[in-house]
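Tertiary structure, described
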Amino acid sequence: MKEKLIGEGRTAEILQHKGQTIVKLYRENVSEQNILREYKVSQFVYTQGIRSPKPFELITMNERKGIVFEQILGPSLLKMISKNPWRVSQYAKMMAELHYSLHKLDASEEIGHQKEMLSRCIKEAPMLDIGEKSAILSYLEHLPEDYKLCHGDFHPDNVLLDQEEAWVIDWMTGAAGDPNGDAARSVIMFSKGAIPQQAPLPVKLMIGFIRKRLTKGYIREYLRLSGQSYADIDQWVLPVAAARLVEWLPHTEKEQLLAEIRKRLKVLSARK
Ligand SMILES: Nc1ncnc2c1ncn2[C@@H]1O[C@H](COP(=O)(O)OP(=O)(O)O)[C@@H](O)[C@H]1O
Ligand SMILES: [Mg+2]
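As annotated in an unreviewed UniProt entry, the protein carries the name Protein kinase domain-containing protein and is attributed to Paenibacillus wynnii.

It is worth spelling out the overall build of the protein at this point. For the protein, the helix and strand inventory stands at 10 helices and 9 strands. For 272 residues, the compact-globule estimate of 2.2 N^0.38 gives 19 Å, and the protein sits close to it at 19 Å. Here the C-alpha coordinates of the protein stretch approximately 60 × 40 × 40 Å along the principal axes. Looking at the protein as a whole, 49% of its 272 residues are labelled buried.

Bringing the coordination of the magnesium ion (ligand 2) into the picture now. Looking at the magnesium ion (ligand 2), one finds its protein donor set to be Asn158 (OD1) and Asp170 (OD), positioned 2.1 to 2.2 Å from the metal centre. Of this pair, Asn158 sits in the loop between strand S6 (148-150) and strand S7 (159-162) while Asp170 sits in the loop between strand S8 (165-168) and strand S9 (175-177), and the two are 12 residues apart along the sequence. Overall, Asn158 belongs to the buried group, its relative accessible area being 4%.

Once that is clear, we can look at the domain arrangement of the protein. One can read the domain layout of the protein as domain 1 (5-70) and domain 2 (77-271). Taking only C-alpha atoms into account, the centre of domain 1 sits 23 Å from that of domain 2. Contacts between the two partners involve 19 residues from domain 1, matched on the other side by 22 residues from domain 2. Across the domain 1/domain 2 interface, buried area totals approximately 1,700 Å², and carbon plus sulfur atoms make up 61% of it. The tally of links between domain 1 and domain 2 comes to 2 salt bridges. The partner of Glu165 in a salt bridge is Arg51, with the nearest N and O atoms 3.0 Å apart. Where domain 1 touches domain 2, the interface holds 9 residue pairs in polar contact (both at pLDDT 80 or more). Counting only elements with at least two residues in the side of domain 1 that touches domain 2, the list comes to strand S3 (21-26) and helix H1 (32-47). No other element matches the 9 residues that H1 contributes to the side of domain 1 that touches domain 2. Here the side of domain 1 that touches domain 2 is built from residues that sort into 8 nonpolar, 4 polar and 7 charged.

Structurally, Pro55 can be placed in strand S4 (residues 55-61). Along the backbone, Pro55 and Ala241 are 186 residues apart, and their C-alpha atoms lie at a distance of 30 Å. Setting aside anything within four residues of it in sequence, one finds Pro55 in contact with Tyr39, Ser42, Gln43, Tyr46, Val68 and Phe69.

Right, let's get into the pattern of salt bridges. The tally for this structure, following the rule as stated, stands at 17 salt bridges. Where Lys115 meets Glu145, a salt bridge forms, and the shortest distance between an N and an O atom there is 3.2 Å. Placement of the pair is Lys115 in helix H4 (residues 114-124) and Glu145 in the loop between helix H5 (130-141) and S6, with a sequence separation of 30 residues. In this structure Glu145 comes out as partly exposed when scored by relative accessible area, which is 45%. Residues Glu221 and Arg224 are paired through a salt bridge, measuring 3.0 Å at the closest nitrogen-oxygen approach. Placement of both Glu221 and Arg224 in helix H7 (residues 201-226) is noted, with a separation of 3 residues, approximately one turn of the helix. Relative accessible area serves as the criterion here: at 6%, Glu221 is assigned to the buried category. Residue Arg224 is classed as exposed on the basis of its relative accessible area, which comes to 58%. Ionic contacts of the salt-bridge type, sharing partners, join the residues Asp153, Arg185, Arg244, Glu247 and Glu253 into one network.

So, how was this worked out
- Residues numbered from 1 in each chain as written.
- Chains lettered and ligands numbered in written order.
- Predicted model: local features only at pLDDT ≥ 70, side-chain atom pairs only at ≥ 80, totals over all residues.
- Heavy atoms only, no water.
- Helix = DSSP H or I, 4+ residues; strand = E, 2+ residues; numbered from the N terminus.
- Rg over C-alpha atoms; globule rule 2.2 N^0.38 Å.
- Buried < 20%, exposed > 50% of the residue type's maximum accessible area, 1.4 Å probe, protein only.
- Donors = N, O, S within 2.8 Å, 3.2 Å for Na, K, Ca; no water.
- Domains from an automatic or database assignment.
- Contact = heavy atoms within 4.5 Å.
- Buried area = accessible area lost by both parts, 1.4 Å probe.
- Salt bridge = Lys/Arg side-chain N within 4 Å of Asp/Glu carboxyl O.
- Polar contact = N/O pair within 3.5 Å; in protein donor to acceptor, adjacent residues only side chain to side chain.
- Nonpolar A, V, L, I, M, F, W, Y, C, P; charged D, E, K, R; others polar.

The following block contains the structure:
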């Protein structure tokens, strides 16, 4: 029997499975190490009592690796935002609350550390030269060290809503780290991002409007809850943006990140 496709993302296709379960079936270019990592972090967060789908087992299907998870019945927050864009500020607040609730939890280093993950990606990042990489890596070393639970890819397509209850999915990049670094990544993802060139003008304006509201609403609520200042989050933008260059992103988005990185490197070298 062919299983029904019920969702997809950059790393996987999501297929309906037995009972109330799904299979997250990884694309061929995803390494086995990363799949095992997602399985391990998913088990960790599930046993911590975080509202996240229960991971059942690792499987192989048509020569591809997958993980069987509990199925969450409900749309993603991204779907809800595109359906009700006038409610984006409300959703932004919800994202901040949910994110902050993760950041209050201690994470074991067993699931990996944020700085190690960032430095690995920065070393592999395309478009940056060796001098730029080493400047960013030594800057990263001096940033605060913490061991709170960080998601590493917290955006509205990784939050599912089941009767108003929010579930956090997609934990491959989960790690122990400084919450401000995790919040910085969300801010970068909300605010930067290519708007399809071919989209009609009203659509472009709408995407721009939603991004602004989402970013502003998220930052305002996150700072209110955490008692941090924006500078605490902003100091992470340089390494987090550089690490993001390894991901599959449209070229225009990478160009935007690169411009931001170079602007910040200039400020750093002027300070020396
Ligand atoms: N446990 C689940 N229950 C229901 N839908 C899911 C589940 N996991 C993923 N999905 C759907 O599939 C999409 C992609 O899943 P995700 O784990 O985020 O993959 P990727 O790592 O490729 O981004 C989600 O946005 C969601 O719509
Ligand atoms: Mg995802």
